[in-house]
Amino acid sequence: MAVDYLTLDRTGDKMPLRGFGCWKIEKKDAENTIYQAIKIGYRLFDGACDYGNEVEVGRGINKAIKEGLVKREELFIVTKLWNTFHSKQHVRTAFDRQLKDWGLEYFDLYLIHFPIPLQYVDPAVSYPPEWYVPHADKLNFERSPIHECWAEMEKLVQAKLTRNIGVANFNCQAILDLLSYSKIKPAVLQIEIHPLLPQERLVKWVQEQGIQVTAYSSFGPTSYVDLCESGKTYSSLLANADVKSIANKHNVNTGQILLRYALDRNIAVIPKSVHEDRMKSNLDILNIQLDQDDRKILNSLKTNQRFNDPMIFGFGLPLFD
Ligand SMILES: NC(=O)c1ccc[n+]([C@@H]2O[C@H](COP(=O)([O-])OP(=O)(O)OC[C@H]3O[C@@H](n4cnc5c(N)ncnc54)[C@H](OP(=O)(O)O)[C@@H]3O)[C@@H](O)[C@H]2O)c1
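Here's a quick rundown of the structure.

Conventions adopted
Residues numbered from 1 in each chain as written. Predicted model: local features only at pLDDT ≥ 70, side-chain atom pairs only at ≥ 80, totals over all residues. Heavy atoms only, no water. Core = buried A, V, L, I, M, F, W, Y, C linked by side-chain atoms within 4.5 Å. Buried < 20%, exposed > 50% of the residue type's maximum accessible area, 1.4 Å probe, protein only. Contact = heavy atoms within 4.5 Å. Pairing = 2+ DSSP bridges. Helix = DSSP H or I, 4+ residues; strand = E, 2+ residues; numbered from the N terminus. Arc of directions from axis to C-beta. Right-handed = clockwise from strand over helix to strand, strands pointing away.

Our focus in this paragraph is the nonpolar core. Judged by nonpolar contacts, the single largest core of 101 residues is most densely connected at M15, I34, F45, I61 and L189. With residues near it in sequence (within four places) discarded, F45 still touches F20, C22, I34, A37, I38, I61, L75, F76, I77 and V78.

A few words now on the sheet that holds strand 5 (residues 76-81). Across a sheet, strands are paired by hydrogen bonds formed along the backbone, either parallel or antiparallel in direction. Across the sheet, which stays open at both edges, the eight strands sit in the order 3-4-5-6-7-8-9-10 with parallel pairing between neighbours. Looking along the sheet, the strands with just one partner apiece sit at the ends: strand 3 (20-21) and strand 10 (267-269). Pairing of strand 7 (residues 162-168) with strand 8 (residues 188-192) involves two bridges; the strand directions are parallel. Following the sheet pairing, A168 is matched in strand 8 by Q190.

The next point concerns helix 7 (residues 241-250). Three or more residues of helix 7 are buried, namely V243, I246 and A247. Considered in projection along helix 7, the buried side chains sweep an arc of 100° and stay on one side of the axis. Of the exposed residues in helix 7, the ones pointing more than 90 degrees away from its buried face are A241 and N248. Buried residues in helix 7 make contact with helix 8 (254-263) and helix 10 (292-299).

Of all the seven residues making up strand 7, six are buried; the element is thus mostly covered by neighbouring parts of the structure. Of the pairings in the sheet, the one linking strand 6 (residues 107-112) to strand 7 comprises five bridges and is parallel in character. When the bridges of strand 7 are listed, Y110 appears paired with I165. After leaving strand 6, the chain enters helix 4 (residues 146-158) and then returns to the sheet as strand 7, a path that is right-handed. Taken together, strand 7, helix 5 (residues 172-179) and strand 8 form a β-α-β motif whose crossover is right-handed.

Here is the structure:
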């Protein structure tokens with residue numbers, strides 16, 4: 001049987017290669033969507049404080065556990081520390097709230113969502129706090145160095161509250177710095193990856209450091225249509241003629257080709273869908289065998305176009321330059 005997980009350094013935990021993303025699942029749908037996803041066979045769930053649905057996602061998980069569909073130890077739960085909680089006095093409190101919201105005793109992986117320390121916002125005032133403090137029209141940064149934040153992340157591991165810790169949206173420079181002082185190195189880097197933005201050099205280097213990689217937004221622009229600059233349109237990767245021709249050749253859909261493309265690079269995927277047929281097909285990617293011709297075509301799609309970019313969202317922060 002094809003290998004279906006990546007092994008994490010230090011703990012040896014097996015992180016499923018095929019997971020389920022929770023961004024943009026509306027609160028009203030979240031419990032049932034997650035419950036269905038577990039029924040269909042998903043075992044990894046990727047959440048975040050910023051997605052605003054951790055309580056409901058947690059309910060779906062706990063319902064499935066309670067009904068005996070799955071045991072907690074068979075699941076791999078990932079969530080993320082939001083930008084406004086980087087300071088050493090806020091990491092633990094923010095984490096505790098998230099753990100309570102999910103209704104769990106531990107996470108499998110806790111990630112720093114962005115290397116962007118933003119001014120603290122009291123959860124009583126606004127939760128999730130999003131990007132701007134209330135009534136501000138620009139980002140307000142906070143003097144919270146990542147090394148202090150990381151030390152707090154390490155304490156969460158020592159307290160057995162999360163099994164692994166990692167980062168998202170960090171570049172080589174930020175990871176190199178982190179590796180220079182961390183006692184526990186990041187187990188995973190989660191970044192945007194699809195054929196338009198393969199990030200092959202970063203992925204290769206990160207994997208060489210013993211850090212596993214998870215791709216988000218495997219379908220390219222699909223989730224960003226409503227977030228893009230006004231007047232601008234993105235052409236769909238799911239409807240791309242080249243991707244379609246490969247999908248037809250293998251008798252699968254284009255989404256499956258885009259997900260398989262990541263798996264072939266030892267990169268985990270976390271597609272999100274609220275539709276059962278898509279949930280099923282997004283999981284059914286283990287037996288697709290892309291050949292050299294397919295890979296050549298997919299590699300030729302590279303444009304380095306990025307969609308999850310604070311510059312595009314109008315924040316004036318060239319995070320990835
Ligand atoms: N760390 C970060 O900064 C970061 C950033 C972005 C995302 N993420 C994580 O990565 C996950 C996935 O990324 P994403 O949400 O950007 O996008 P995605 O999974 O690439 O795309 C989701 C979109 O594609 C549609 N879709 C799903 N499967 C499909 C299929 N087989 N055919 C056609 N359309 C399909 C979904 O619509 P329906 O629901 O209507 O099917 C939804 O609109 C997120 O949920 C989140 O957990 C992390």
